[in-house]
Amino acid sequence: MLYSSRGDPEGQPLLLSLLILAMWVVGSGQLHYSVPEEAKHGTFVGRIAQDLGLELGELVPRLFQLDSKGRGDLLEVNLQNGILFVNSRMDREELCGRSAECSIHLEVIVDRPLQVFHVDVEVKDINDNPPVFPATQKNLFIAESRPLDSRFPLEGASDADIGENALLTYRLSPNEYFSLDVPTSNQQVKPLGLVLRKLLDREKTPELHLLLTATDGGKPELTGTVQLLITVLDVNDNAPVFDRTLYTVKLPENASIGTLVIHPNASDLDEGLNGDIIYSFSSDVSPDIKSKFHMDPVSGAITVIGHMDFEESRAHKIPVEAVDKGFPPLAGHCTVLVEVVDVNDNAPRLIIKTLSLPVKEDARLGTVIALISVTDLDADANGQVTCSLTPHVPFKLVSTYKNYYSLVLDSALDRESMSAYELVVTARDGGSPSLWATASVSVEVADVNDNAPAFAQSEYTVFVKENNPPGCHIFTVSAGDADAQENALVSYSLVERRVGERALSSYVSVHAESGKVYALQPLDHEELELLQFQPRQPNPDWRYSASLRAGMHSSVHLEEAGILRAGPGGPDQQWPTVSSATPEPEAGEVSPPVGAGVNSNSWTFKYGPGNPKQSGPEPKKQTQVSFLLRRKGEASQPRQ
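Residues numbered from 1 in each chain as written. Predicted model: local features only at pLDDT ≥ 70, side-chain atom pairs only at ≥ 80, totals over all residues. Heavy atoms only, no water.

(A) The state of the cysteines, seen in detail. If you walk through the whole model with that rule in mind, you get one disulfide. Residue Cys-96 pairs covalently with Cys-102 via a disulfide, S to S 2.0 Å. Measuring handedness by torsion sign, the sulfur bridge of Cys-96 and Cys-102 sits at about 70° and is right-handed. (Disulfide = S-S within 2.5 Å.)

Written out as structure tokens, the structure reads:
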């Protein structure tokens, strides 16, 4: 059967059709382009920025990256116009060999927000490789006694191109003795051969010189030739004959050295030396076959001597010949087709590219932490990989494209509960038994200022005598913050205001770091009936307002303490009662207790935003501090 290309009826040049670049978008967001091999530098491939929906002005700010997955710099993107172009020479045969499909997979990564796009650029074949025979000359020795229709196998030519560019037709130079036997499309394993059409006569024609030409189906077509030198031999008129012309055997790729592959058998009708057979591989056999198989010259048994690898080659075609010991020797031929069966001998491989570490504890759900790609060189179920993640963690794996995954945030983080995670990604194939691989990802949680300071106590009560010395330490408040580093630093201050004709700061002060409260002057109930102020603890990094406050509202009531009043039921101890806070967010206020006299001299400080109208974050605790002023000489009475 002759193979011919299907030309365009209008006769349009093939080059024009190859230069028409195809682009389409599938539902998953993947782009596909095509470009002919050997295209010159700068050849237009596609408007990748436009096709991905990216504005030209955002390519640089969003850190546009193009990753060709180990294919080098064959393709580049002009960041000024968003055009994908050919950067260096692309040889389809070097990239993909004889594979029917040849694509360069690109990953496009842009930041702010992080997006990943997948682009496949198909490299189209052009007819740039002519057919090539194993040698420029083939020597055949044929006995003159061979009958008509005898067949003599020839090694065909090979073409590195694919498709119609690799469809070969053969032509034999005109002669009266031989015709060319070309196998049909469903007999591709059967080798090319010469068929004897006229009996040979060594005395008339001792030698024949023929030219075999192979032509491919490309446009323009390319050819290759081999010289056939046929030497006509005398006597020994029976050649060995194999049981079959084609032997097929399946061999697992993990077959050990010495494994018997097959035992082809040939017989010769002659007697004596003319009937003794020697087996061997044909002279045209490739070095790769010789490195993997051995044929016993006496028995014809073929055994394994090298490593089989399904991922390297899925089948081996071995030309075998049986030559007798006659003079001249005669040969019979057959083909052994070894089909390599895949076994699960390749574990998955994981590649992790971290992008957003450390992760802030207030990161939004769905934030991409890392990109993960998985590969397995095996085929079918042995090469199908599933990925899993350490259970019970606030992260999950999201499949993005084939064997590509994104590690994303699945639930809220809290640094105060867990500051770091050690994640293990496991990739497991579908073989039996299955193979797996693991990779670790360390995710550190970064602190944000999401915790207000909290007081150690909800209420403080302090007894103070009036006429205290200036600078007297009255009491100490303490607050803690669950955040870390600068977010956990707490300082204390008072909100300044006027108390009568004087400033609040002339009465009391608070140490910014220790929280100690001092009376700056002697306190006198007769001089001041109500002192109102608010100590606070700002955190400069609070996110909700300019100043983070635990909200310690303080008010001072000057009420008389320790004064016993006689009544019908006997002496009655009067203690201060606290009223509600004022509407102002910066203050707290209390009033004298019910029934208290004008000599009331107790101070009550309430710390914490007790006013429901106050804006800002709700504190976790409030602290009340009471000061009881006693006149000199009075004994301190415990509170009843």
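(B) Geometry of unusual backbone geometry. Between Arg-112 and Pro-113 the backbone carries a cis peptide bond, its omega angle lying at -5°. Of note, Pro-113 is situated in the loop between β7 (103–110) and β8 (115–124). The linkage connecting Phe-327 with the following residue, Pro-328, adopts the cis geometry, with an omega of 0°. Position of Pro-328 among the secondary structure elements: in the loop between β23 (315–324) and β24 (331–341). A positive phi is found at Glu-38, a non-glycine position, where the angle reads about 65°. (Helix = DSSP H or I, 4+ residues; strand = E, 2+ residues; numbered from the N terminus.)

(C) Seen up close, the nonpolar core. In terms of nonpolar packing, the biggest core is built from 27 residues, with Ile-48, Leu-75, Leu-84 and Val-121 touching the most fellow members. Leave out the neighbours within four places in its chain, and Ile-48 touches Leu-31, Tyr-33, Val-77, Gly-82, Leu-84, Val-108 and Val-119. (Core = buried A, V, L, I, M, F, W, Y, C linked by side-chain atoms within 4.5 Å. Buried < 20%, exposed > 50% of the residue type's maximum accessible area, 1.4 Å probe, protein only. Contact = heavy atoms within 4.5 Å.)

(D) Representation of the sheet that holds β23 within the structure. An order of β17-β24-β23-β20 is seen for the four strands of this open sheet, with the pairing classed as mixed. For this open sheet the edge positions go to β17 (246–252) and β20 (277–281), each flanked by a neighbour on one side alone. On average, adjacent strands in this sheet sit at an angle of 25° to one another, irrespective of strand direction. Pairing geometry for β20 and β23, over five bridges, is antiparallel. Its bridge partner being in β23, Ile-277 is matched across the sheet by Asp-324. (Pairing = 2+ DSSP bridges. Axes fitted to C-alpha atoms, helices over the stretch in contact; angles between N-to-C directions.)

(E) Geometry of the confidence of the model for the protein. Chain-level statistics for the protein give a pLDDT mean of 77 and a share of 77% at 70 or above. In the predicted structure, residues 1–28 sits below a pLDDT of 50 and forms 45 contacts with residues beyond four places in sequence or in another chain. (pLDDT = per-residue confidence, 0-100.)

(F) Layout of the environment of Val-110. Looking at the element boundaries, Val-110 is found in strand β7. In sequence terms Val-110 and Val-60 are 50 residues apart; their C-alpha atoms lie 9.1 Å from each other. Apart from the residues lying within four places of it in its own chain, the contact partners of Val-110 are Leu-54, Arg-62, Leu-63, Phe-64, Gln-115 and Phe-117.

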